[in-house]
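Listed below are the residues making up each chain.
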Amino acid sequence: ILFYTSSFYVRFFALRFLCTLITLAGVWILWKGLKSAVHDPVAQLIGLAALVLHPMFFIMFGRISNESLTFFLFSAVWYFLIQIFTKKEVAWHTWILLGVSYGLGMLSKVFFVTTLPAFLLVLCADAFYRRRNGEWRKRLPGYLSTIGLIIAIGVPWYLYQKIVFGSLTGLGSEQESL
């Protein structure tokens, strides 16, 4: 209730601060992923600096929008993909969190829908890479549960948009929105 009784400027600052915190949490997740995948500390810093030192980084993610949430979810997806690629045994919670992160990402921005084929190709590449010793069979329930969660979380919203508004995005026909 304090938020609603505060002045416009206090609410504006609080929302911008929250967006910045969510973005910084995404940067921290990317840093953890880089540390687990790349073992050279200089390469880790260069990889993170290439992102954070981009001139538009904090301008884009410090404003009030869903960009910071999208960045956070995309960072989580990359972190879990790195865990899947670099570890021989993958815990169930990693597969579940990967599917939930991607599914919620589909709800936050249509960008996740357009990258879904590439994401599925990455999972297929992991299975193909592990085909020699039959390890992909142990991971098959993880692959399927991740894909199932993505479909269960993300697809119903786009089907609803298609049924109610006649387009997947809800903006009218795809040709009119272009």
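It should be emphasised that the depicted structure is a prediction, and the values quoted were computed from it without experimental measurement.

**Q** Summarise the side chain of Thr 23; cite the residues concerned and give the values.
**A** Position of Thr 23 among the secondary structure elements: in helix 2 (residues 8-37). Those residues in contact with Thr 23 that sit more than four places away from it in its chain are Phe 57, Phe 61, Ser 68 and Phe 71.

**Q** Explain the pattern of salt bridges to me, using residue names and the numbers behind them.
**A** A side chain of one charge can pair with a side chain of the opposite charge if their charged atoms are brought near each other. Scanning all chains against the criterion turns up six salt bridges. A salt bridge links Glu 135 to Arg 130; its shortest N-O distance comes to 3.2 Å. With relative accessibility at 7%, the residue Glu 135 sits in the buried group. Judged by relative accessible area, Arg 130 falls into the buried class, the value being 8%. Among the ionic pairs, Glu 135 bridges to Arg 139, the shortest N-O distance being 3.7 Å. With Glu 135 and Arg 139 both in helix 9 (residues 135-165) and four residues apart, this pair spans about one turn of that helix.

**Q** I'd like to hear about the side chain of Ser 75, residue by residue, with values.
**A** When you line up the elements, Ser 75 lands in helix 5 (residues 67-86). If we skip the residues at most four places from it in the chain, Ser 75 touches Gly 26, Ile 29 and Leu 30.

Quick notes on the rules
Residues numbered from 1 in each chain as written. Predicted model: local features only at pLDDT ≥ 70, side-chain atom pairs only at ≥ 80, totals over all residues. Heavy atoms only, no water. Helix = DSSP H or I, 4+ residues; strand = E, 2+ residues; numbered from the N terminus. Contact = heavy atoms within 4.5 Å. Salt bridge = Lys/Arg side-chain N within 4 Å of Asp/Glu carboxyl O. Buried < 20%, exposed > 50% of the residue type's maximum accessible area, 1.4 Å probe, protein only.

Spatial relationships are all this shows, so hold off on functional conclusions.
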